[in-house]
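Spelled out, the chains give:
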Amino acid sequence: MDNRIKYALNLDDWSFVNGDKDTLRKNAKKVLVSEYEATMRGQLFCPECCANLYRSPKDKDVSDNGRKAYFGHSRGIKTDCGLRTKRAEGKKYLTEEEAKKAIQNEELVIVEGFIKTKPIPPKKDAKEYDQTPVEELDGPEADVPIGRHRGESFKLPSKFKTVRGLVTKFDDNIHRYFFMPRGQYAVQLIDLITDISTVSEVDDKPRLYYGKIIKSSNAGKTPQNIRMTKLVYKHRNHADFYFKQTDEDQQEKGISDESKGRVILMYGTITESGAGLCLERLGWGEFALLPQKYENLLY
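Fair warning: this is a prediction, and the values are worked out from it, not measured in the lab.

About the cut-offs
- Per-chain numbering applies: the sequence of each chain, read as written, is numbered from 1 onward.
- In keeping with the model being predicted, local features are shown solely for residues with a pLDDT of at least 70 and side-chain atom pairs are shown and tallied solely at 80 or more, while totals for entire chains, interfaces and linings include all residues.
- Neither water nor hydrogens contribute to the side-chain values; these are computed over all heavy atoms in the structure.
- Remark: exposure states derive from per-residue accessible area (1.4 Å probe, protein chains only) relative to the maximum for the residue type, with buried under 20%, exposed over 50%, and partly exposed in between.
- Numbering of helices and strands starts at the N terminus; helices are DSSP runs of H or I of at least 4 residues and strands are runs of E of at least 2.
- Any two strands with at least two DSSP bridges between them are considered paired.
- Only four residue types enter the charge count: Lys and Arg as positive, Asp and Glu as negative, with His and the chain ends excluded.
- The rule for a salt bridge is simple: a side-chain nitrogen of Lys or Arg has to be within 4 Å of a carboxyl oxygen of Asp or Glu.
- Between N or O atoms, a polar contact is any pair within 3.5 Å; within protein, one atom must be a potential hydrogen donor and the other a potential acceptor, and residues adjacent in sequence are included only when both atoms are from side chains.
- Two residues qualify as a contact provided that any one of their heavy atoms is within 4.5 Å of a heavy atom in the partner residue.
- Nonpolar core, defined: a set of buried Ala, Val, Leu, Ile, Met, Phe, Trp, Tyr and Cys residues in which side-chain atoms within 4.5 Å join the residues together.

Caption draft 1: Structural view of the pairing of strand β16 (residues 276–280). With 4 of 5 residues buried, β16 lies mostly within the body of the structure. Sheet analysis places strand β15 (residues 263–273) next to β16, joined by 3 bridges and oriented antiparallel. Of the residues in β16, the one forming a bridge with E272 is L277. Taking the residues that link successive antiparallel strands as the turn, the β15-β16 hairpin has 2 residues, and the phi of G274 there is positive, at about 65 degrees.

What follows is the structure, given as structure tokens:
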């Protein structure tokens, strides 16, 4: 993902100088580079810092030097924005109040963990509970080391999340900052997710991965057998890469024999699987299919 700005916000008559950022984020249209029109010039803004953006080149998909068209920040406006360049140590906050405001504005998410088992609905509200997928639960107050001064940490509210919750509004989440379990910094989701095709070895630290499905099939005859979901992967040291989970678990998340070409996000550790690598035995909230409308944000 070489271009960090996946889309621009387009809202006529909005100004970075005196405009309300919440108004922009709530009312703006999200515009991909491929959707740019000349009439949008001067009315495109960054999804993180809200500064003006430009498209380069203006009227071609590829520049003369072979680079694909992209959105960039207007040089006349200077902002502290993670989409200008990748932050080496994530985003820091000056005060606890500033961090809490970022959480309230949905710019920052403190992830206590991902939900391992499917929550049991209360009997009296079971029908309504089933109709609304559980995507997060309140977690404990967490001591988070994201202060700007060395060693400074803040006590902040956390969430137990699901990967489904991340992909449901993936276009909004991809530019948000997340503080992950065992993390040291608040990092944008765009920098937290790793393409399976770039993985070269076993990794016992849980991370967020994504991969494109080549094929998927039940290795047995019952829903309790393992469904073998093969992902796009090519590496000289390993034969293949599989996501291995029971058939019933994967079917519940929409992964079936017909899922070729779909993209899956997973949170877990990389282990060996025969001559290849795999992700396996993930929790209920640790994997989900990416809605097809968001696939162009990754590929």
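Caption draft 2: Layout of the side chain of D195. Inspection of the secondary structure puts D195 in strand β11 (residues 193–195). One buried charged side chain, D195, makes no salt bridge at all; its nearest oppositely charged neighbour is K212, positioned 8.9 Å away. In this structure the side chain of D195 is engaged in a polar contact, spanning 3.0 Å, whose partner is the backbone nitrogen of S197. Residues contacting D195, with those up to four places away along its chain left out, are Y210 and Y299.

Caption draft 3: Spotlight on the pattern of salt bridges. Counted under the stated rule, the structure contains 21 salt bridges. With a shortest N-O distance of 2.7 Å, K60 and D64 are connected by a salt bridge. Assessed through its relative accessible area of 34%, K60 is described here as partly exposed. Overall, the relative accessible area of 76% leaves D64 in the exposed class. Between R262 and E295 there is a salt bridge; the shortest N-O distance is 3.7 Å. Highlighted residues: R262 in the loop between α7 (247–252) and β15 and E295 in the segment after β17 (287–289), separated in sequence by 33 residues. According to the relative accessible area criterion, E295 is buried, its value standing at 16%. A network of salt bridges, in which partner residues are shared, links E136, D138, K159 and K161.

Caption draft 4: Quick peek at the nonpolar core. Core analysis: the biggest nonpolar cluster contains 34 residues, and F170, L208 and L265 have the highest contact counts within it. Residue assignment for this core shows that the elements contributing at least two residues are β6 (108–114), α4 (163–168), α6 (189–192), β12 (203–218) and β15. For L208, the contacting residues outside a window of four places in its chain are F114, V163, L166, M180, L189, L192, I193, T194, M266 and Y267. Core analysis: the next-biggest nonpolar cluster, separate from the first, contains 17 residues, Y209, F241, F243 and I270 among them.

Caption draft 5: Structural context of unusual backbone geometry. Note that the residue after S56, namely P57, is joined by a cis bond; omega there is -10 degrees. Mapped onto the elements, P57 comes out in the loop between β4 (53–56) and β5 (70–73). Although it is not a glycine, E106 sits at a positive phi angle of roughly 60 degrees. Within the secondary structure, E106 sits in the loop between α2 (96–104) and β6. Phi angles above zero are rare outside glycine, and R281 is one such case at about 55 degrees. Within the fold, R281 resides in the loop between β16 and β17. With a relative accessible area of 71%, R281 lands in the exposed category.

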